[in-house]
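# Descriptive structure summary
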Number of protein chains: 2
Amino acid sequence: MKTKGKQSVAFAKPPYVLGEASVVGKMEGEGPLGKYFHEICPDPFVGKKTWEEAESALMEKACNLVLANAGVRRDEVNYIVGGDLLAQLMATSFGVERLQIPFFGIYGACSTMGESLTLSAMMVEGEYAQGVLAVTSSHFAGAEKQFRFPLAYGNQRPASATWTVTGSGAVILGNEALMSGQKQLAPGAKVVITGITVGRITDYGIKDSMHMGAAMAPAAAATILANFSDFGVDAKAYDLIVTGDLGTIGSQILYDITEARGVSIRKNHIDCGVKIYDPARQDVHAGGSGCGCSAVTLTGYLLRKMREGVYKRILFVPTGAMLSPVSFHEELTIPGIAYGIILERK
Amino acid sequence: MKTKGKQSVAFAKPPYVLGEASVVGKMEGEGPLGKYFHEICPDPFVGKKTWEEAESALMEKACNLVLANAGVRRDEVNYIVGGDLLAQLMATSFGVERLQIPFFGIYGACSTMGESLTLSAMMVEGEYAQGVLAVTSSHFAGAEKQFRFPLAYGNQRPASATWTVTGSGAVILGNEALMSGQKQLAPGAKVVITGITVGRITDYGIKDSMHMGAAMAPAAAATILANFSDFGVDAKAYDLIVTGDLGTIGSQILYDITEARGVSIRKNHIDCGVKIYDPARQDVHAGGSGCGCSAVTLTGYLLRKMREGVYKRILFVPTGAMLSPVSFHEELTIPGIAYGIILERK
């Protein structure tokens, strides 16, 4: 058994991150990470007629770009594992359709990139695939329409609300053989996934859909603590612990919960939702969110910094709030989930 | 590499089906397969206040029942892999929440049981788990509310429409070690998964949400033909080829497509959607559908018949129509997908 502790897996043959791609909207391009993204689309409709089709177009761009960046042919990728926030994975179904690669649709809300990397890593290391494409996306306007109010209402948002990132991030994981055939990467710039921690649904009874950081922070804390316990490490084992989209308030709640358990992660924790926009110039309230938030921060910024040698070992923890418009209107809670992925520079 | 052909995997150490559970509604209990189901819930609300909570309750019952039926403790199950038809997997999030087992949410529309078994089988054979619980559900009233019209409208349905099955099916897959510790099953009644074929999104341009059989039949045909090609077999290799919920019209389209390619599956093909209701007594038009349809037919009827020795080798092909209310209203097509799972009596 390759399991480690109660919720984790340690990979004996760590899958390689063969390549990555990030495609974002105008606002993300104008943010602090703007210079790191592979492609910026100034048109929020990406040339399409609806927000949903625009999101599919972002995803299709990310998929094609990651194939090029990884130097991998479409027929060398055994599966796509992907999903998005929209009901019945609408953006993904149409986003990956034309690639005609065997497909697994997944839903982990904003934690989807973590879920996708987890499953993809198992598939590659388990020898069920030489290459797997992990992808996810979100779109501000499509998400507001689906979960909150149509943009045209111009409704006010509370300070705890986050701003859904418009963007799609994609990664290709591959085995040693596919890595060897690859010419793109400089020696020493290899990144692998050495372990994963699978989240449990964690529900603290939050019902406020404008306060997703509070719904997700307990799940992030649970997964980070499980990771430490399963691997017998503490925060010092990682150069960075990166949560997905807790935002400023959610990050504070994460510190409160972990510190109440006697664990401090404050020193080397960052949150993609806090990183992606500049609060002084971009009024997003508590930060960025959405499947795309952690996905483009990983693929645009974090993996680049790892390949450059700035970071050697990252615990990447995308966080998801399992909210649906129906559950919200029926006054149910918002269950949270988070997946932990250990990325190492090799 | 354990891959076989272009889209398939052959398992060297086939995961065992340690146990199964089927929980259905009143109408399914009154149908031709009624006597095979493990539990019938006469109350469509299952004691809850909403259709969605009722569906979660069905799923929670199926999860608890499958643990009992498989003779497996909750802490022996490493992951739950599950999903449903509702936006953002609402039924599943609340259905599995109390089990507190690490969770992967997936969405393959009505093919979800196939997607779940595929991923679960990889996890067990790949030694990432000793046991995995694969589960899915659907509820007639919740699905009508989400995808079509509120029941109270009393709208008419065309002859091509199918009836969403109210029910949840769950399976526990396990490795040799977990199987050995098990006392329930009589010798010779063991069932394993020996291979899988992962579907591609197949889109013939169907836009009619009341004609899902037509949207899914091309995907079923593609996956069945890929399975035959990857494993070098034909229809005679299987005692039964079981599609998920094509219904009567979709099944005919499946025959038309496969026969145009010179392949006949008519003799040993059945469709769960055709099997589950009695057209003479139950007016469901083209048959049953929904995630629950193939899941309860597998867990209630098919696995029992395999354990009894009636069937030795089944190709189980749950079929999904990646329809969303938004994509329908935006007049997009309905992409289809299907997963093929080879079940063998050992």
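Residues numbered from 1 in each chain as written. Chains lettered and ligands numbered in written order. Predicted model: local features only at pLDDT ≥ 70, side-chain atom pairs only at ≥ 80, totals over all residues.

## Quick word on the overall build of chain A
Counting its regular elements, chain A contains 11 helices and 17 strands. Scaling as 2.2 N^0.38, a compact globule of 346 residues should have a C-alpha radius of gyration of about 20 Å, and chain A matches this with 18 Å. Per-residue burial for chain A yields a buried fraction of 64% across its 346 residues. Considering only contacts within chain A whose residues lie at least 6 apart along the sequence, 80% involve residues at least 24 apart. (Helix = DSSP H or I, 4+ residues; strand = E, 2+ residues; numbered from the N terminus. Rg over C-alpha atoms; globule rule 2.2 N^0.38 Å. Buried ≥ 20, exposed ≤ 12 C-beta atoms within 10 Å, placed from the backbone. Contact = placed C-beta atoms within 7 Å.)

## With respect to the interface of chain B and chain A
Accessible area lost when the parts come together is the quantity often used to give the size of an interface. At the junction of the two partners, chain B supplies 53 residues and chain A supplies 53 residues. Secondary structure elements with two or more residues in the side of chain B that touches chain A: β5 (79–84), α3 (90–96), β6 (103–105), α4 (112–125) and α11 (325–329) of chain B.

## Structural notes on the domain arrangement of chain A
When its domains are assigned, chain A resolves into domain 1 (3–180) and domain 2 (191–345). Its residues assigned to classes, the side of domain 1 of chain A that touches domain 2 of chain A comprises 30 nonpolar, 22 polar and 8 charged. (Domains from an automatic or database assignment. Nonpolar A, V, L, I, M, F, W, Y, C, P; charged D, E, K, R; others polar.)

## Side note on the environment of L225(A)
Residue and element names in this part refer to chain A. Relative to the helices and strands, L225 is located in helix α7 (residues 212–231). Owing to 17 C-beta atoms within 10 Å, L225 belongs among the partly exposed residues under this scheme. Note: C-alpha distance between L225 and A235 (10 residues apart in sequence) is 9.5 Å. In this view, L225 contacts T258, R261 and V263; residues no more than four positions away in its chain are not counted.

## Describing the pairing of strand β17 (residues 340–345) of chain B
All names here are of chain B. Counting buried positions along β17 gives 5 out of 6 residues, so the element sits mostly inside the fold. In the sheet, strand β10 (residues 191–197) pairs with β17 via 6 bridges, with the strands oriented antiparallel. Of the residues in β17, the one forming a bridge with I193 is L343. (Pairing = 2+ DSSP bridges.)

## A few points about the relation of the copies chain B and chain A
Of the transformation superimposing chain B on chain A, the axial component is 0.0 Å and the angular component is 180°, with the fit at an RMSD of 0.0 Å. Put plainly, the chains are arranged around a two-fold axis. Residue by residue, 100% of the interface of chain B is reproduced at the interface of chain A, so both copies engage with the same surface. (Least-squares fit on C-alpha atoms with pLDDT ≥ 70 in both.)

## A short note on helix α8 (residues 247–260) of chain A
Residue and element names in this part refer to chain A. Between the first and last C-alpha of α8 there are 20 Å, a value that for 14 residues agrees with the 20 Å anticipated at 1.5 Å per step. On the buried face of α8, the contacting elements are α7, β11 (240–243), β12 (269–271), α9 (272–275) and β13 (288–289). G262 lies just past α8 and shows a positive phi near 80°. (Expected span 1.5 Å × (residues − 1).)

## Focus on the nonpolar core
In terms of nonpolar packing, the biggest core is built from 252 residues, with V66(A), L133(A), L173(A), V66(B), L133(B) and L173(B) touching the most fellow members. Other than its neighbours up to four places away in sequence, L133(B) contacts C63(B), V66(B), V77(B), I80(B), I101(B), A170(B) and I172(B). (Core = buried A, V, L, I, M, F, W, Y, C linked by C-beta atoms within 7 Å.)

## Quick notes on α7(A)
Residue and element names in this part refer to chain A. For α7, spanning 20 residues, the distance from its first C-alpha to its last is 29 Å, which sits close to the expected 28 Å at 1.5 Å a residue. By the criterion of burial, α7 is predominantly enclosed, with 17 of the 20 residues buried. A positive phi of about 65° marks G232, the residue just after α7.

## Considering the pairing of strand β3 (residues 16–25) of chain B
All names here are of chain B. The element β3 is largely enclosed, with a buried count of 10 among its 10 residues. Sheet analysis places β3 next to strand β4 (residues 39–41), joined by 3 bridges and oriented parallel. Residue G25 lies in a different strand from β4, and its bridge partner there is C41.

## Description of the confidence of the model for chain A
Overall, the predicted model of chain A reaches an average pLDDT of 96, with 98% of residues at or above 70. Interface confidence for the predicted complex, expressed as ipTM, amounts to 0.98; the pTM equals 0.98. (pLDDT = per-residue confidence, 0-100.)

## Notes on unusual backbone geometry
All names here are of chain B. Backbone geometry at H285 places phi at a positive 60°, although glycine is not the residue there. Residue position: H285 is located in the loop between α9 (272–275) and β13 (288–289). By the C-beta count within 10 Å, which is 17 here, H285 ends up partly exposed. Phi at E331 takes a positive value of approximately 60°, unusual for a residue other than glycine.

## Brief notes about the packing of helix α2 (residues 51–70) of chain B against helix α5 (residues 140–147) of chain B
Residues and elements named next belong to chain B. Contact geometry for α2 and α5: axes closest at 8 Å, N-to-C directions at 135°. Taken as axis vectors, α2 and α5 run oblique relative to one another. For α2 against α5, the interelement crossing comes out left-handed. Only A141, G142 and K145 of α5 make contact with α2, whose side of the interface consists of W51, E52 and E55. For the contact of α2 with α5, the residue count by class is 2 nonpolar, 1 polar and 3 charged. (Axes fitted to C-alpha atoms, helices over the stretch in contact; angles between N-to-C directions. Parallel < 35°, antiparallel > 145°, perpendicular 65-115°, else oblique. Left-handed = near helix turned anticlockwise from the far one by under 90°.)

## Quick look at the environment of G105(A)
With respect to the helices and strands, the residue G105(A) is situated in strand β6 (residues 103–105). Once residues within four sequence positions are removed from consideration, G105(A) is found in contact with G82(A), G83(A), L89(A), T92(A), I106(B), Y107(B) and G108(B).

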